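The residues making up each chain are set out below.
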Amino acid sequence: MIFATGYQMFSLPFLSASSGSPLASSLRTQSSPVSRIPLYQYVFSPHLPTAARHTLAFIGLVQPIGPIMNAAELQARWAVKLLCQPDKYQLPSKEAMLADIERKRAAQDGRFYPSDRHTISFDWLPYMDELAEMVGCRAPLLKLLFTDPRLWWALVFGCAGAYQYRLVGPNAWPRARETILRLEERIEAPFATRTNDDEQQKVKQGNGAPVGTSGARIISLGLLFFLALYYLSLMISRAFAGCC
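These figures come from a predicted structure and were not determined experimentally. (Residues numbered from 1 in each chain as written. Predicted model: local features only at pLDDT ≥ 70, side-chain atom pairs only at ≥ 80, totals over all residues. Heavy atoms only, no water.)

K.L.:
I would appreciate a short explanation of helix α6 (residues 149-157) in the present structure.
P.N.:
Owing to its 3.6 residues per turn, the α-helix aligns residues three or four sequence positions apart on the same side. When we look at burial in α6, the residues that qualify are Leu-151, Trp-152, Ala-154 and Leu-155. The arc that holds every buried residue of α6, seen down its axis, measures 165 degrees, which confines them to one face. (Buried < 20%, exposed > 50% of the residue type's maximum accessible area, 1.4 Å probe, protein only. Helix = DSSP H or I, 4+ residues; strand = E, 2+ residues; numbered from the N terminus. Arc of directions from axis to C-beta.)

K.L.:
For this particular structure, what's the right way to read the side chain of Arg-77?
P.N.:
Summarising the element assignment, Arg-77 is placed in helix α2 (residues 68-84). Despite its burial, Arg-77 pairs with no opposite charge, the nearest such side chain being Glu-73 at 5.1 Å. Apart from residues lying up to four places away in sequence, Arg-77 is in contact with Val-135, Cys-137, Tyr-165, Arg-166, Pro-170 and Asn-171. (Lys, Arg positive; Asp, Glu negative; His and termini not counted. Salt bridge = Lys/Arg side-chain N within 4 Å of Asp/Glu carboxyl O. Contact = heavy atoms within 4.5 Å.)

K.L.:
Please clarify how the environment of Asp-148 should be interpreted in this entry.
P.N.:
Looking at the secondary structure, you find Asp-148 in the loop between α5 (141-147) and α6. For Asp-148, a relative accessible area of 14% puts it in the buried group. In this structure the side chain of Asp-148 is engaged in a polar contact, spanning 2.6 Å, whose partner is the side chain of Arg-177. (Polar contact = N/O pair within 3.5 Å; in protein donor to acceptor, adjacent residues only side chain to side chain.)

K.L.:
What is the right way to look at the nonpolar core in this model?
P.N.:
Nonpolar side chains in soluble globular proteins generally cluster together in the buried interior. Within the largest apolar cluster, 24 residues are counted, with the highest numbers of intra-cluster contacts made by Phe-44, Leu-74, Trp-78, Leu-91, Tyr-127 and Tyr-165. For this core, the secondary structure elements donating two or more residues are α2 and α4 (124-135). Here this core gets six residues from one element, more than from any other, and that element is α4. Within the second largest apolar cluster, eleven residues are counted, among which are Ala-139, Trp-152, Leu-167 and Ala-176. (Core = buried A, V, L, I, M, F, W, Y, C linked by side-chain atoms within 4.5 Å.)

So, to be careful, I would describe these as geometric facts and stop short of saying anything about function.
Shown next as structure tokens:
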């Protein structure tokens, strides 16, 4: 384990040219106006031998449009699964890894101006979903639509918190659901520098719910109903298409 917190971006002195590392060779031979480290999901090198690819993981060498800490945590969870449970978790073939790297590179080149840091930039949520799919901790949205519509609504239309990757799968957290449902409250809490009990009482109904909450719930339930019908019609149409 190398805590490489003091190096310049893409400077890998522990993988010098004299070490003979395939990864070091791949860094030297790239013809690009900016420096790149060709890593699958920004973590693993496809240029290492098959048996050793999962033994060198770059954690946190990313600059997402979103928090780095959550991305690094999920990267670490994935890397540990690959190390400790090789029978259950495997990396794809070298060809598949290179294809994914090229796809992400093309997307970056079409979106950002050429710079070193933009070679490790990406949208946070789609990337987290990709990693979660491989770890086995991605929230089952379609299932939640029917079994827990309140949680589904919070995940789809609420704040995108990393707690959603602790709902299911390995290392799930029992309080993840409760925390997700209270995310907006947790975000607003630090800004509530003072409270006025009299004003709070004026905007509350007898059950303690803010005015307008009942109407919002009715609208939400109506939208959920129509979305459920939409998904159901899609599944029925696909089933008929398969039969024909």
